[in-house]
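Structural overview for review
Here are the chains, one letter per residue:
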There are 2 protein chains.
Amino acid sequence: MRGFERSLPMALMRARESIMSQFRPILAEHDLTEQQWRVLRALASNDKPCSVGRIAEQTFLLGPSLSRMLTSMADRGLIKRAAHADDARRSEVSISGAGLDLVDEIAPHSEGVYQRISDALSRKELDVLYDLLERTAAID
Amino acid sequence: MRGFERSLPMALMRARESIMSQFRPILAEHDLTEQQWRVLRALASNDKPCSVGRIAEQTFLLGPSLSRMLTSMADRGLIKRAAHADDARRSEVSISGAGLDLVDEIAPHSEGVYQRISDALSRKELDVLYDLLERTAAID
DNA sequence: TATTGTTATACTCTATAACTATA
DNA sequence: TATAGTTATAGAGTATAACAATA
């Protein structure tokens, strides 16, 4: 079995932890978990409202976890839920104005983190990294 | 704020999920959580026994979580704990024979996953990926 | 006094199954 | 019958503080 250092999941985790460790304190200041932030970011990037299932796919959260998170995020006024026009089983979830405000408040800190990434990796290297990650994600 | 698609933490997570989703069923068959597997792999790659703090660093687990996990893994016979020779505060944790057997049992499946990665990425591309990930992990 | 590791506590997320209501 | 989403439940991990033992 290959060494721990040459384990791809661990290498991916080390890279991710390096970034998230800078970012988590900012999220904590705004009373957001990493998972809630993923939901907020997914909704902010989707221009249109989308289904709960679609959010689950985008954020790698399980339905039951997400369902509860959406309830608490709606209580907090960060997201909105509406009934689907054609299919009454579906929800149409979207980010609220307050949710967008929160994203905008956190965004500058995020860009600060990306500045440090840009100091370490050239634009070209970042492009290569994204490409390799995407191809890894596409396996199977 | 950059799009969700161009978020590096999410790109890292998507890549990692793609691999781990193939691997988790194998771990589940052997009653191992992802975190327990990280501990086992870390200990298997360290030739010498090491401290609880060192394992926590390697596996990105918090002390209290790790402490409980080590207790249950020791009860299961997967690891061994010994007192440190010079410093009685420290533990010396190492993998047991049964722990090594379990790693060896799971290893072939792991190589199967790496085979699929090798089908998608050339050796050179994998080297580039590891290098870029390492440099990302080294930020700050 | 600082450090290593454990225990205590509250909360969040994971994971699976069962359920509701639509389709 | 199948699908979308919620509720129920058990368990594991996260996170912080407090603690014991030792340096």
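Description of the structure in this document. (Residues numbered from 1 in each chain as written. Chains lettered and ligands numbered in written order. Predicted model: local features only at pLDDT ≥ 70, side-chain atom pairs only at ≥ 80, totals over all residues. Heavy atoms only, no water.)

Overview of the protein's contact with DNA strand C
Close contacts around DNA strand C come from 23 residues, with Thr33(A), Pro64(A), Ser65(A), Ser67(B) and Arg89(B) the closest. Close to the protein, within 4 Å, the atoms of DNA strand C are drawn from sugar and phosphate at a rate of 66%. Those elements that place two or more of their residues in the surface near DNA strand C are α4 (63-75) of chain A together with α3 (52-59) and α4 (63-75) of chain B. Of all the elements, α4(A) adds the most residues to the surface near DNA strand C, at 4 residues. Its residues assigned to classes, the surface near DNA strand C shows 7 nonpolar, 7 polar and 9 charged. (Near = heavy atom within 4 Å. Helix = DSSP H or I, 4+ residues; strand = E, 2+ residues; numbered from the N terminus. Nonpolar A, V, L, I, M, F, W, Y, C, P; charged D, E, K, R; others polar.)

Regarding the packing of aromatic side chains
In this description, a pair of aromatic rings is defined by centroid distance and the angle of the planes. All chains considered together, the criterion is met by 2 aromatic pairs over all chains. Aromatic side chains Phe23(A) and Trp37(A) sit 5.7 Å apart centroid to centroid with 55° between the ring planes, which places their arrangement in the tilted category. Linking Phe23(A) in helix α1 (residues 8-29) with Trp37(A) in helix α2 (residues 34-45), this pair joins segments that are 14 residues apart in sequence. Per residue, the accessibility class of Phe23(A) equals that of Trp37(A), and both read buried. Just above the ring of Tyr114(A) sits the side chain of Arg2(B); from NZ or CZ to the centre is 3.5 Å. (Phe/Tyr/Trp six-rings, centres within 6.5 Å; stacked < 30°, edge-to-face > 60°. Buried < 20%, exposed > 50% of the residue type's maximum accessible area, 1.4 Å probe, protein only. Lys NZ or Arg CZ within 6 Å of the ring centre and 35° of its normal.)

Considerations on unusual backbone geometry
The backbone of Asp31(A) shows a phi angle near 55°, a positive value even though the residue is not glycine. Within the secondary structure, Asp31(A) is located in the loop between α1 and α2. Residue classification places Asp31(A) among the exposed positions, given a relative accessible area of 58%. One non-glycine residue with positive phi stands out, namely Phe60(B), at about 60°.

Here's the deal with α4(A)
All names here are of chain A. Between its terminal C-alpha atoms α4 stretches 18 Å, which fits the 18 Å expected from 13 residues at 1.5 Å a residue. Residues of α4 that are buried include every one of Leu66, Met69, Leu70 and Met73, and no others. Along the axis of α4, the buried residues cluster in a sector spanning 105°; they form a single face. Facing away from the buried surface of α4 by more than 90 degrees, the exposed residues are Pro64, Arg68 and Asp75. Residues of α4 that are buried in the fold lie against α2, α3 (52-59), β1 (79-83) and β2 (91-95). Immediately downstream of α4, the backbone of Gly77 shows phi near 80°, a positive value. (Expected span 1.5 Å × (residues − 1). Arc of directions from axis to C-beta. Contact = heavy atoms within 4.5 Å.)

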